[in-house]
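Below are the chains, spelled out letter by letter.
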Amino acid sequence: AEAQFRAARALVDLNHANYYPTIGAGPSISQTDRSIGTGSSFSLPITASWEPDLWGRVRLAVQNATDNAQVSAADLENARLSAQALLATDYFLLAASQMQEAVLTDTIAAYQKNLELTTNRYNGGVASKSDVSLAQTQLAGARAQLTDLRVARAQDAHAIAVLTGQPPSAVEIAPPVINGPPPPIPVALPSTLLERRPDISATERLVAAANANVGIAEAAYYPTLTLSASAGFLSTNLQSLFKYAGRTWSAGPGISETLFDFGRRGATLKGAEANYDSTVAAYRQTVLSAFQEVEDDLAALRYLAEEAAQQQEAVTAANQSLALEIDRY
């Protein structure tokens, strides 16, 4: 993405250079063999040509290149932001896996103790064989969950290594710890946050570039004016090439206009207009999708907050149940 941005920026400079004339030199030496003898000629011409931007062709081309460069800049920022978001997501997934592993380790210890107690009760004739089997099933299931969790944790660590440009085997990540809940997010987010999204900026610049293309297609209907001039020296021998008598020059304008192209320019214009309509529709869809993503995440935060409160109630009830069961036992 960074290399594509540099290429797009170079294209802006390329189009901007069309504002200025093209200057060249064409020195030549020729020898002619005729019946009256052999003759040589030496010339050193300097040529210049310039096309005034009467109808805005150059201006629109520069604008189009600039818009596309801004698209590349937004794509670069979008790639960077996506990588950062993936890195943050993998980091918090790794932290969550670490916390869940601690919970499962405690759960396995509790199930192991429960199996021992149930086995003792079975040996004492108080519990049935099915109670022992159920305790064994709970213990084995918790151990399997811990194994799956370790697989996911390893994959998250490997993803973090790759996102930072390193092989997974070369990265050791200390177990992260989340000490508190995430910071609160305002419910009424300003629309300026959406305007800062690079994917929206990229599609908006694509609309501007497509609009410039329409102008370029319309400018093809107008004639092209070219101003050209040539000056230099011409002589039959090298010694007198730079003398005043050997000077030569020419200058004059030229106008070209396409009279009949059998619909080529019209088809090009229609295609540019259709492409503009397409980019406008894509821009509108990108904005709507952005609004949807924000609303989805805000709704998820709201419902997850309710779920967290419900889970806390379940934890409180489970602690009470545990205390009562221990007392009864």
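Residues numbered from 1 in each chain as written. Predicted model: local features only at pLDDT ≥ 70, side-chain atom pairs only at ≥ 80, totals over all residues. Heavy atoms only, no water.

Lay out the overall build of the chain in plain terms, naming residues and giving numbers.
Along the backbone of the chain there are six helices and five strands. Computed over C-alpha atoms, the radius of gyration of the chain comes to 38 Å, more than 25% over the 20 Å expected from 2.2 N^0.38 for 329 residues, which places it beyond the range of a compact globule. Relative to its 329 residues, the chain shows a buried fraction of 21%. Partitioning the intrachain contacts of the chain with sequence separation of at least 6 by distance along the chain shows that 75% fall at a separation of at least 24. Of the roughly 22,400 Å² of accessible surface on the chain, a fraction of 59% belongs to carbon and sulfur atoms. (Helix = DSSP H or I, 4+ residues; strand = E, 2+ residues; numbered from the N terminus. Rg over C-alpha atoms; globule rule 2.2 N^0.38 Å. Buried < 20%, exposed > 50% of the residue type's maximum accessible area, 1.4 Å probe, protein only. Contact = heavy atoms within 4.5 Å. Areas by Shrake-Rupley, 256 points an atom, 1.4 Å probe, with all protein chains shown as cover.)

Kindly report on the packing of helix α5 (residues 198-219) against helix α6 (residues 264-328), identifying the contributing residues and their values.
Their axes nearest at 9 Å, the elements α5 and α6 cross at an angle of 165°. Considered as vectors, α5 and α6 are oriented roughly antiparallel to each other. You can see that α5 and α6 cross each other, and the crossing is left-handed. On α6, the residues touching D199, I200, T203, E204, L206, V207, A210, N211, N213, V214, A217 and E218 of α5 are T268, L269, A272, E273, N275, Y276, T279, V280, Y283, T286, V287 and A290. Its residues assigned to classes, the contact of α5 with α6 shows 13 nonpolar, seven polar and four charged. (Axes fitted to C-alpha atoms, helices over the stretch in contact; angles between N-to-C directions. Parallel < 35°, antiparallel > 145°, perpendicular 65-115°, else oblique. Left-handed = near helix turned anticlockwise from the far one by under 90°. Nonpolar A, V, L, I, M, F, W, Y, C, P; charged D, E, K, R; others polar.)

An account of the pattern of salt bridges is requested, with residue identities and associated values reported.
Evaluated as defined, the whole model comprises 12 salt bridges. Among the salt bridges present, the one from R57 reaches E51, with a minimum N-O distance of 3.9 Å. You can call R57 partly exposed: its relative accessible area is 21%. In this structure, E101 and R150 form a salt bridge, with 3.4 Å as the shortest nitrogen-oxygen distance. Of this pair, E101 sits in helix α2 (residues 57-123) while R150 sits in helix α3 (residues 129-163), and the two are 49 residues apart along the sequence. Residue classification places E101 among the buried positions, given a relative accessible area of 11%. R150 gets classed as partly exposed once you look at its relative accessible area, which sits at 42%. In this structure, a network of salt bridges that share partners links the residues D67, E204 and R205. (Salt bridge = Lys/Arg side-chain N within 4 Å of Asp/Glu carboxyl O.)

Describe the side chain of D67, listing the residues and the values that go with them.
Mapped onto the secondary structure, D67 falls in helix α2. Polar side-chain contacts of D67 include one of 3.4 Å to the backbone nitrogen of A209. Non-local contacts of D67, meaning those with residues more than four positions away in its chain, are made with R205, A208 and A209. (Polar contact = N/O pair within 3.5 Å; in protein donor to acceptor, adjacent residues only side chain to side chain.)

Give me the lowdown on the environment of V177, citing residues and values where you can.
Mapped onto the elements of the fold, V177 is located in the loop between α3 and α4 (192-195). Taking the C-alpha atoms as reference points, V177 and F92, 85 residues apart in sequence, are found 9.0 Å from one another.

So what about the packing of aromatic side chains? Which residues, and what values?
Overall, the coordinates contain two aromatic pairs when judged by the stated rule. The ring centre of Y303 lies 5.1 Å from the NZ or CZ of R302, which sits over that ring. (Phe/Tyr/Trp six-rings, centres within 6.5 Å; stacked < 30°, edge-to-face > 60°. Lys NZ or Arg CZ within 6 Å of the ring centre and 35° of its normal.)

Explain the nonpolar core to me, and be specific about the residues and the numbers.
Counting nine residues, the largest nonpolar core is built from L104, I108, L115, V132, A135, L139, A142, L146 and L149. Among the secondary structure elements, those contributing two or more residues to this core are α2 and α3. Discounting residues that sit within four places of it in the chain, L104 has contacts with A142, Q145, L146 and L149. (Core = buried A, V, L, I, M, F, W, Y, C linked by side-chain atoms within 4.5 Å.)

Give a detailed account of the environment of P45, specifying residues and quantitative values.
Summarising the element assignment, P45 is placed in strand β3 (residues 37-50). Remark: the alpha-carbon pair of P45 and R247, spanning 202 residues in sequence, is separated by 9.5 Å. Apart from residues no more than four positions distant in its own chain, P45 is found in contact with G24, A25, G26, P27, S230, A231 and G232.

Give a description of unusual backbone geometry that names residues and reports values.
The phi dihedral of F262 is positive, around 55°, even though this residue is not glycine. Note that F262 resides in the loop between β5 (247-256) and α6. Under the relative-accessibility criterion, F262 is labelled exposed at 80%.

Before we move on, could you go through the side chain of N64 and cite the residues and values that matter?
Along the polypeptide, N64 turns up in helix α2. Polar contacts involving the side chain of N64 include one to the main-chain carbonyl oxygen of A209, which spans 2.9 Å. Setting aside chain neighbours within four positions, we find N64 in contact with A209, A212, N213 and I216.

Tell me about a nonpolar patch on the surface, and please be specific about residues and values.
Together, L54, W55, Y221 and Y222 make up a nonpolar patch on the protein surface, roughly 420 Å² of accessible area in all. Its place among the elements puts L54 in the loop between β3 and α2. (Patch = residues over 30% accessible without salt bridge, like charges linked within 9 Å, V, L, I, M, F, W, Y side chains within 5 Å.)

Tell me what's going on with the packing of α2 against α5, and back it up with residues and numbers.
Here α2 crosses α5 at 165°, and the two axes come no closer than 8 Å. In this view, α2 runs roughly antiparallel relative to α5, as classed from their interaxial angle. Here the hand of the crossing between α2 and α5 comes out left-handed. Taken together, the residues that form the contact of α2 with α5 break down as 13 nonpolar, eight polar and six charged.

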